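Single-letter residue listing:
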Amino acid sequence: MPTQAPPKGIGAAARWARRAPLLPALIFTIAVTQLPFVATLIISFLQWNSLAPENRGFAGLDNYIAVITDPNLRSSVLTTVLLTASVVLISLLLGLGIALLLDRKFRGRGLVRTMMIAPFLVVPVAAALLWKHALYNPEYGLFNGVLKWIFGESAAQPDWISTMPLTAVIAALVWQWTPFMMLILLAGLQSRPQDAVEAAFIDGATGFQVFRYLTLPHLRQYLELGGLLGSIYIVQNFDAVFTITSGGLGTANLPYTIYQTFYQAHDYGQASAAGVVVVIGSILIASFALRAVSSLLRDEVK
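A brief report on the enclosed structure follows. Worth saying up front: this structure is predicted, and the values here are computed from it rather than measured.

## Section: the overall build of the protein chain
Part 1 of the argument: In terms of helices and strands, the protein chain carries 14 helices and 2 strands.
Part 2 of the argument: A compact globule built from 302 residues should have a C-alpha radius of gyration of about 19 Å, whereas the protein chain, at 25 Å, is more than 25% larger.
Part 3 of the argument: In terms of its C-alpha atoms, the protein chain occupies a principal-axis envelope of roughly 80 × 70 × 30 Å.
Part 4 of the argument: Taken across its 302 residues, the protein chain has 34% of its residues classed as buried.
Part 5 of the argument: For the protein chain, the proportion of contacts with a sequence separation of at least 24, taken over those separated by at least 6, is 69%.

## Regarding the nonpolar core
Part 1 of the argument: Counting 37 residues, the largest nonpolar core has Leu83, Val87, Val169, Leu173 and Ile244 as the members making the most contacts within it.
Part 2 of the argument: Elements with a minimum of two residues in this core: helix H4 (71-102), helix H6 (124-135), helix H8 (160-163), helix H9 (165-190), helix H11 (207-234) and helix H12 (239-245).
Part 3 of the argument: Of the residues forming this core, the biggest block, 15 residues, is contributed by H9.
Part 4 of the argument: For Ile244, the contacting residues outside a window of four places in its chain are Ala128, Lys132, Ile161, Ala168, Val169 and Ala172.

## Some thoughts on the packing of helix H10 (residues 194-202) against H11
Part 1 of the argument: Closest axis-to-axis distance for the H10/H11 pair is 10 Å, and the angle between their directions is 140°. The orientation of H10 with respect to H11, classified from their angle, is oblique. Where H10 crosses over H11, the two elements pack in a sense that is right-handed. Here Ala196, Val197, Ala200 and Phe201 of H10 lie close against H11, whose contacting residues are Gly207, Val210 and Leu214.
Part 2 of the argument: A per-class count over the contact of H10 with H11 returns 6 nonpolar, 1 polar and no charged.

## Re the packing of aromatic side chains
Describing an aromatic ring pair means giving the distance of the ring centres and the angle of the ring planes.
Part 1 of the argument: Tallied over the full model, the rule gives 20 aromatic pairs.
Part 2 of the argument: Ring centres of Trp48 and Tyr268 lie 5.6 Å apart, and the angle between their planes is 80°; this geometry places the pair in the edge-to-face category. With a gap of 220 residues between them, Trp48 in the loop between strand E1 (46-47) and strand E2 (57-58) and Tyr268 in helix H14 (residues 268-301) connect regions that are remote in the sequence.
Part 3 of the argument: You can call Trp48 partly exposed: its relative accessible area is 24%.
Part 4 of the argument: Aromatic side chains Tyr259 and Tyr263 sit 5.5 Å apart centroid to centroid with 40° between the ring planes, which places their arrangement in the tilted category. Residue Tyr259 and its partner Tyr263 are both found in helix H13 (residues 254-264); the two are separated by 4 residues, about one turn of the helix.
Part 5 of the argument: Taken together, Trp48, Phe238, Phe242, Tyr256, Tyr259, Phe262, Tyr263 and Tyr268 form an aromatic cluster joined through their ring pairs.
Part 6 of the argument: It is Arg212 that lies over the ring of Tyr213; its NZ or CZ is 5.1 Å from the centre.

## Some details on the pattern of salt bridges
Part 1 of the argument: Throughout the structure, instances matching the rule amount to 3 salt bridges.
Part 2 of the argument: Across the pair Arg192 and Asp103 runs a salt bridge, and its minimum N-O distance is 2.8 Å. Taken together, the residues span a long stretch of sequence, with Arg192 in the loop between H9 and H10 and Asp103 in the loop between H4 and helix H5 (109-121) at a distance of 89 residues.
Part 3 of the argument: A relative accessible area of 15% places Arg192 in the buried class.

## Focus on the environment of Val125
Part 1 of the argument: Among the secondary structure elements, Val125 is positioned in helix H6.
Part 2 of the argument: Judged by relative accessible area, which is 35%, Val125 ranks as partly exposed.
Part 3 of the argument: Residues Val125 and Ile244, spaced 119 residues apart in sequence, show a C-alpha to C-alpha distance of 9.4 Å.
Part 4 of the argument: Filtering out sequence-adjacent residues up to four positions away, Val125 remains in contact with Asp239 and Thr243.

## Thoughts on the side chain of Thr79
Part 1 of the argument: You can see Thr79 is positioned in helix H4.
Part 2 of the argument: In contact with Thr79, not counting residues within four places along its chain, are Leu166, Gly250, Thr251, Ala252 and Asn253.

Criteria and cut-off values
Residues numbered from 1 in each chain as written. Predicted model: local features only at pLDDT ≥ 70, side-chain atom pairs only at ≥ 80, totals over all residues. Heavy atoms only, no water. Helix = DSSP H or I, 4+ residues; strand = E, 2+ residues; numbered from the N terminus. Rg over C-alpha atoms; globule rule 2.2 N^0.38 Å. Buried < 20%, exposed > 50% of the residue type's maximum accessible area, 1.4 Å probe, protein only. Contact = heavy atoms within 4.5 Å. Core = buried A, V, L, I, M, F, W, Y, C linked by side-chain atoms within 4.5 Å. Axes fitted to C-alpha atoms, helices over the stretch in contact; angles between N-to-C directions. Parallel < 35°, antiparallel > 145°, perpendicular 65-115°, else oblique. Left-handed = near helix turned anticlockwise from the far one by under 90°. Nonpolar A, V, L, I, M, F, W, Y, C, P; charged D, E, K, R; others polar. Phe/Tyr/Trp six-rings, centres within 6.5 Å; stacked < 30°, edge-to-face > 60°. Lys NZ or Arg CZ within 6 Å of the ring centre and 35° of its normal. Salt bridge = Lys/Arg side-chain N within 4 Å of Asp/Glu carboxyl O.

Written out as structure tokens, the structure reads:
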């Protein structure tokens, strides 16, 4: 005999009973993430400068036009693109090289792997302070100390931050983000079909040919995923720029410029508009990252 379906009300009550424990987390997430963004979106359409409270009112798209036409903001956008692209590309290349080394079996590999991950676990502000004072400082920094040790007391003692400010920020971020890229690429290397690699070596392929025609195509999606995830986080980086250069010497990226607009110029409307632009850009990058993740999951299922 066919089983009788439960009453409609009972089924709905059971579904709500399963979902009810998740409601507090959902409400908390909406309150913490979505409500502030909605408030930022509303403020971005207002003329709101605390230094001129009498001029407060609706501004329409004026704040967004100012974001696009302001030379300082345009310069910060270019700096953000250069900073993000440089850090992501260099971190990916270094992470790939380290992942290839750690994919080999050797004594102490677990300890080395743990030590390589350590920079990524350092608090961003602490990492920036480490590079600013322990490495870059012209009087007691490690880099100038090494120069003295090699070339003697007459060795040049450059002020690294003043002579190459953007490179100094990039180096600090590369040091911190290379382990992240290494972890993603190492996971990709360890998911390679080993039978295909062994067959290639048996057929006489060289190590470079195996890397070129087997390993690199297999890592393509992992490289895309690392690049996209790294771009999402690095494009929003504020700590390194604020700590190492204070946004000076042409290193002010978009997050730092938003900070200046909000806390120093007190132009809340324009700062909110710039923040919305950053969020939209991050969402666009995140959509590509989600596509890369979904394609990886589909390949794993196959």
